[in-house]
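# Overview (structure and organization)
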Amino acid sequence: MANHKSSLKRIRQTKVKNLHNRYYAKTMRNAVRKLRALTDKEEAVKLYPSVQKMLDRLAKTNIIHKNKAANLKSSLCNHINNLA
């Protein structure tokens with residue numbers, strides 16, 4: 001266990017940040033899963049902007065990597081375009 005005051009504080013802060021990041025990453029994964037499960041193009045087109053906004057926000061705050069966000073947006077866009 002750490003002995004320095006600063007390292008004890010850092011451990012406390014890390015726990016809080018970790019929980020925060022896990023929550024938003026899980027929320028993002030669920031939103032992507034929900035969009036991929038849709039078979040109606042109209043619904044998917046309505047949902048896509050909110051998912052895209054979420055991905056951009058998470059990439060901006062470094063919860064996910066910017067390339068991962070770009071890849072997810074691209075694959076979701078592809079999925080929507082392939083819906084009949």
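Scope of this entry: the structure provided in the associated data block. (Residues numbered from 1 in each chain as written. Predicted model: local features only at pLDDT ≥ 70, side-chain atom pairs only at ≥ 80, totals over all residues. Heavy atoms only, no water.)

Another point: helix H3 (residues 66-82). Taking 1.5 Å as the rise per residue, H3 with 17 residues should run 24 Å; its terminal C-alpha atoms sit 24 Å apart, in good agreement. Buried residues of H3: Ala 69, Leu 72, Lys 73, Leu 76 and Ile 80, and no others. Angular distribution of buried residues about the axis of H3 spans 100 degrees; they occupy a single face of the element. Facing away from the buried side of H3, by more than 90 degrees, are the exposed residues Asn 71 and Asn 82. Where the residues of H3 are buried, they touch helix H1 (5-37) and helix H2 (41-60). (Helix = DSSP H or I, 4+ residues; strand = E, 2+ residues; numbered from the N terminus. Expected span 1.5 Å × (residues − 1). Buried < 20%, exposed > 50% of the residue type's maximum accessible area, 1.4 Å probe, protein only. Arc of directions from axis to C-beta. Contact = heavy atoms within 4.5 Å.)

Glancing now at the pattern of salt bridges. Considering all chains together, one arrives at one salt bridge under this definition. The salt bridge involving Asp 56 is made with Lys 73; its shortest N-O contact spans 2.6 Å. Here Asp 56, found in helix H2, pairs with Lys 73, found in helix H3; they are 17 residues apart in sequence, far enough to count as distant. (Salt bridge = Lys/Arg side-chain N within 4 Å of Asp/Glu carboxyl O.)

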